[in-house]
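Structural description and commentary
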Amino acid sequence: GQQLNQSPQSMFIQEGEDVSMNCTSSSIFNTWLWYKQDPGEGPVLLIALYKAGELTSNGRLTAQFGITRKDSFLNISASIPSDVGIYFCAGGKANAGGTSYGKLTFGQGTILTVHP
Amino acid sequence: NAGVMQNPRHLVRRRGQEARLRCSPMKGHSHVYWYRQLPEEGLKFMVYLQKENIIDESGMPKERFSAEFPKEGPSILRIQQVVRGDSAAYFCASEGDAGELFFGEGSRLTVL
């Protein structure tokens, strides 16, 4: 089946540092999404990307949809302790009718630890 | 999370018992997705349902697993004769207008 390779697997950073993580795939996706999951909770949508080359920001978060449609990255600037959690990328493909479709392929996750 | 309601949050079953997980999507939504997350892994698609109709069940194990979304009431994911390997978090999601998914808090199944 399709696989997304997400890296790094884990990161340990100091508060205030910037963070970068990325996902790559051997196949093309029409949408890229980034989620954050806290322990015992469901994934929360951070940023959604719908167009190749698109660069989108949400506060301190910035994500880009790669030109080849096979990759995406997420940057977090000036990290704070509450950024701790697991970050997942997810790729989506349109169905035969060309409409959006919520069948997503998820990466393995990046575990972020922020030291105060 | 964004109005998707799942219950129970935690469920413990012994091997061979049945597990039933329920999901109510966001208000006004008639589609639900079920995903499974094994410990320390990403989420994996299981099934996509509309009211009274299964659209895509390509991620569902062929045996023991079934899902429904009746005209009235929540969507139900049913696992018969559970085994230890079924222990996981099961998430339900509603779909936004642009295809993004909004997940519930999940149901965590532990099989003893």
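Presented here is a report on the structure given in the accompanying data block. Here, residues in each chain are numbered from 1, in the same order as that chain's written sequence. In the order they appear in the text, chains get letters beginning with A and ligands get numbers beginning with 1. With the structure being a predicted model, the display of local features is reserved for residues of pLDDT at least 70 and the display and counting of side-chain atom pairs for 80 or more, all residues being used for whole-chain, interface and lining totals. To obtain the side-chain values, all non-hydrogen atoms of the structure were included, while hydrogens and water were left out.

Turning our eyes to something else, we now look at the overall build of chain A. Each helix corresponds to a stretch of at least 4 residues labelled H or I by DSSP, and each strand to a stretch of at least 2 residues labelled E; elements are numbered beginning at the N terminus. What chain A contains, in helices and strands, is zero helices and eleven strands. Note that the radius of gyration is over C-alpha atoms, with the globule rule given as 2.2 Å times the number of residues to the power 0.38. In terms of overall dimensions, chain A is globule-like: its C-alpha atoms have a radius of gyration of 14 Å, near the 13 Å expected for 116 residues. Expressed as lengths along the three principal axes of its C-alpha atoms, the size of chain A is roughly 50 × 30 × 20 Å. For each residue, the accessible area found with a 1.4 Å probe, counting protein chains only, is set against the maximum for its type, and the residue is called buried under 20%, exposed over 50%, and partly exposed in between. Split into buried and exposed, the 116 residues of chain A put 42% on the buried side. In what follows, a contact means two residues having at least one pair of non-hydrogen atoms within 4.5 Å. Counting contacts in chain A only where the partners sit at least 6 residues apart, residues at least 24 apart contribute 56% of the total. Residue-level accessible areas treat just the shown protein chains as cover; the underlying method is Shrake-Rupley with a 1.4 Å probe. As displayed, chain A offers around 5,400 Å² of accessible surface, 53% of which is attributable to carbon and sulfur atoms. Counted as positive: Lys and Arg. Counted as negative: Asp and Glu, with His and the chain ends omitted from the count. Charged side chains are reduced to one point each, which is NZ for Lys, CZ for Arg, CG for Asp and CD for Glu. Where the 7 positive side-chain charges of chain A centre and where its 8 negative ones centre are 17 Å apart.

So, on to the environment of Thr110 of chain B. Residue and element names in this part refer to chain B. Looking at the element boundaries, Thr110 is found in strand β11 (residues 107-111). In this structure the C-alpha to C-alpha distance between Thr110 and Asp56, which are 54 residues apart in sequence, comes to 26 Å. Apart from the residues within four sequence positions on either side, Thr110 is in contact with Leu11, Val12, Arg13 and Ser87.

In this section: the state of the cysteines. Residues and elements named next belong to chain B. Note on terminology: pairs of cysteine sulfur atoms within 2.5 Å are recorded as disulfides. Going through the model one piece at a time under the given rule, you end up with two disulfides over all chains. Disulfide partner of Cys23: Cys92, at an S-S distance of 1.8 Å. With the S-S bond torsion at -60 degrees, the cross-link from Cys23 to Cys92 turns out left-handed. With Cys23 in strand β3 (residues 19-24) and Cys92 in strand β9 (residues 88-95), this pair connects stretches of sequence that are 69 residues apart. Its relative accessible area of 0% is what places Cys23 among the buried residues. Residue Cys92 is classed as buried on the basis of its relative accessible area of 0%.

All right, on to the side chain of Ser107 of chain B then. Residue and element names in this part refer to chain B. Mapped onto the secondary structure, Ser107 falls in strand β11. Among the residues examined, Ser107 registers a relative accessible area of 1% and is labelled buried. Polar contacts here mean pairs of N or O atoms no more than 3.5 Å apart (in protein, one a potential hydrogen donor and the other a potential acceptor; neighbouring residues in sequence count only if both atoms are side-chain atoms). Engagement of the side chain of Ser107 in a polar contact is seen with the backbone oxygen of Pro8, the distance being 2.6 Å.

Another point: the nonpolar core. What makes a nonpolar core is a set of buried Ala, Val, Leu, Ile, Met, Phe, Trp, Tyr and Cys residues whose side-chain atoms join them at distances within 4.5 Å. Trp34, Met46, Leu77 and Tyr90 of chain B are the most contacted members of the largest nonpolar core, which totals 23 residues. Residue assignment for this core shows that the elements contributing at least two residues are β3, β4 (31-37), β5 (43-50), β7 (65-68), β8 (75-79), β9 and β11 of chain B.

A few words on the interface of chain B and chain A. At the interface, 23 residues of chain B touch 19 residues of chain A. Here's the idea: put two parts together, see how much 1.4 Å probe accessible area each one loses, and the total over both is what we call buried area. Note on chain B versus chain A: buried area summed over both sides is about 1,600 Å², and carbon and sulfur give 52% of it. Interface area lost by chain B to chain A is led by Leu43, Ala98 and Phe103 of chain B, which between them contribute 23%. Between Lys or Arg on one side and Asp or Glu on the other, a salt bridge is scored when a side-chain nitrogen of the former is within 4 Å of a carboxyl oxygen of the latter. For the pair chain B and chain A, the interface holds one salt bridge. We note a salt bridge from Lys103 of chain A to Asp56 of chain B, for which the minimum N-O separation is 3.2 Å. Where chain B packs against chain A, one counts eight residue pairs in polar contact (both at pLDDT 80 or more). Elements represented by at least two residues in the side of chain B that touches chain A include exactly β4, β5, β9 and β10 (101-103) of chain B. Within the side of chain B that touches chain A, the residues separate by chemical class into ten nonpolar, six polar and seven charged. Note on residue categories: nonpolar means Ala, Val, Leu, Ile, Met, Phe, Trp, Tyr, Cys or Pro, charged means Asp, Glu, Lys or Arg, and polar means any other residue, Gly included.

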